[in-house]
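Observations on the three-dimensional arrangement
Take a look at the letters that make up each chain.
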Amino acid sequence: MVGFVPTMGFFHEGHRSLLRAARAECDVAAVSIFVNPLQFGPGEDLASYPRDVDRDLAIADAEGIDLAFMPHVEEMYPGGTPEVTVDPGPLAQRLEGASRPGHFRGVLTVVAKLFQVVGRSRAYFGEKDFQQLVLVRRMVNDLSFPVEIVGCPVSREPDGLAMSSRNVYLSPEERQAAVCLYEGLRAAAKRVHDGDRGVEQVVAEIADRIDAEPLAELDYAAVVDEATFEDVDRLEGPARALVSATVGKPRLIDNVRLDPA
Ligand code: AMP
């Protein structure tokens, strides 16, 4: 079995955890590094997205990865911006999709192209980008790709901040403030653990924590059913709390599982 880890590079522990899973579970382990212009909006950070290919290759090597695919933009899109793309459907209109129009169309289109290159395989994605993971699973089911999707848990800094290549944009003060996303989510999970089943209060718990942080601005806080990604009013089964906030320059995202026992 081929294990495949698609990435945009600038590796951190989150990427490494996917590489390790692919290495441990598959005969051949491959990674792709491609900063995909199609998934960036006009005002977004395509040009400044952090890159360090030499370091990435050293890390891939240290994790025992057999093969790295690092195409140029012209190789992936020889005819320029493609006219035929993957329609990500209604789920892509919500949350991240609402804030980043066209983002998931770009993501699914490049993932579909990468899956064509790799063929039958097991592909590893992080739960950090939970909506992306759900959409990739749906694409694979709906369009019959011969690829098994494996979701991997969020890797965090010691204080709980979800690791992200974009964390390098944070000033020291913003870096301290950024932990408010995880703290809000953790408070929400505790509320559910303590018996609260009302979604409104759980969402308010997250929003209040972000609002209390002067350097952070809330984009959305939401609770959705884990399987369907539909909004829920009451917590009756496994759900996800998701949050996005701008802290200084970058928009950060994070999520945790909510487990009403
Ligand atoms: P990116 O390079 O940001 O496109 O991410 C490549 C893959 O790594 C995606 O499947 C991400 O969900 C995953 N990933 C990014 N950050 C983390 C993290 N902190 N923990 C786990 N997986 C992550």
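This text gives an overview of the structure that appears in the document. (Residues numbered from 1 in each chain as written. Predicted model: local features only at pLDDT ≥ 70, side-chain atom pairs only at ≥ 80, totals over all residues. Heavy atoms only, no water.)

**Comments concerning the site of the ligand**
- Near the ligand, the surroundings consist of 18 residues, among which Met8, His15, Asp129, Ser155 and Met163 are the closest.
- At a separation of 2.8 Å, a nitrogen atom of the ligand approaches a polar backbone atom of Ser155.
- Coverage of the ligand by the protein chains reaches 92% of its 490 Å² of free accessible surface.
- If you list the elements that add at least two residues to the shell around the ligand, you get strand S1 (2-7), helix H1 (13-25) and strand S4 (121-126).
- The dominant element in the shell around the ligand, judged by the number of residues it contributes, is H1, at three residues.
- Of the residues that constitute the shell around the ligand, the class distribution is eight nonpolar, eight polar and two charged. (Near = heavy atom within 4 Å. Polar contact = N/O pair within 3.5 Å; in protein donor to acceptor, adjacent residues only side chain to side chain. Areas by Shrake-Rupley, 256 points an atom, 1.4 Å probe, with all protein chains shown as cover. Helix = DSSP H or I, 4+ residues; strand = E, 2+ residues; numbered from the N terminus. Nonpolar A, V, L, I, M, F, W, Y, C, P; charged D, E, K, R; others polar.)

**Here's the deal with the sheet that holds strand S5 (residues 147-152)**
- Taken together, the five strands give an open sheet; going across it, the order is S3-S2-S1-S4-S5, and neighbouring strands pair in parallel fashion. The open sheet has two edge strands, strand S3 (67-69) and S5, and neither has a second partner. When the angles between neighbouring strand axes are averaged without regard to direction, this sheet yields 25°.
- Here helix H5 (residues 103-118) sits on the sheet in contact with S1, strand S2 (28-33), S3, S4 and S5, set at roughly 150° to S1. (Pairing = 2+ DSSP bridges. Axes fitted to C-alpha atoms, helices over the stretch in contact; angles between N-to-C directions. Contact = heavy atoms within 4.5 Å.)

**Remarks on the sheet that holds strand S6 (residues 216-225)**
- Taken in spatial order, the three strands line up as S6-S7-S8 in an open sheet, and their pairing is antiparallel. A single partner strand is all that each edge strand has here, and the edge strands are S6 and strand S8 (251-258). Taking the axes of each pair of neighbouring strands and ignoring which way they run, one obtains an average angle of 15° across the sheet.
- Judged from the nine bridges that link them, S6 and strand S7 (residues 239-247) form a sheet pairing that is antiparallel. Looking at the pairing, Tyr220 lines up with Ser244 of S7.

**Side note on the pattern of salt bridges**
- Taken as a whole and assessed by the stated rule, the structure comprises 22 salt bridges.
- With a shortest N-O distance of 2.5 Å, Arg251 and Glu96 are connected by a salt bridge. Of the two residues, Arg251 is situated in strand S8 and Glu96 in helix H4 (residues 96-99); the sequence distance between them amounts to 155 residues.
- Given a relative accessible area of 26%, Arg251 falls into the partly exposed group.
- A residue is classified by how much of its surface remains accessible, and Glu96, at 6% relative accessible area, is buried.
- The partner of Arg234 in a salt bridge is Glu236, with the nearest N and O atoms 4.0 Å apart.
- Among the residues examined, Arg234 registers a relative accessible area of 48% and is labelled partly exposed. (Salt bridge = Lys/Arg side-chain N within 4 Å of Asp/Glu carboxyl O. Buried < 20%, exposed > 50% of the residue type's maximum accessible area, 1.4 Å probe, protein only.)

**Looking at a nonpolar patch on the surface**
- On the surface, Val53, Leu57 and Met70 cluster together into a nonpolar patch covering about 200 Å² of accessible area.
- Within the secondary structure, Val53 sits in helix H2 (residues 53-62).
- According to the relative accessible area criterion, Val53 is partly exposed, its value standing at 37%. (Patch = residues over 30% accessible without salt bridge, like charges linked within 9 Å, V, L, I, M, F, W, Y side chains within 5 Å.)

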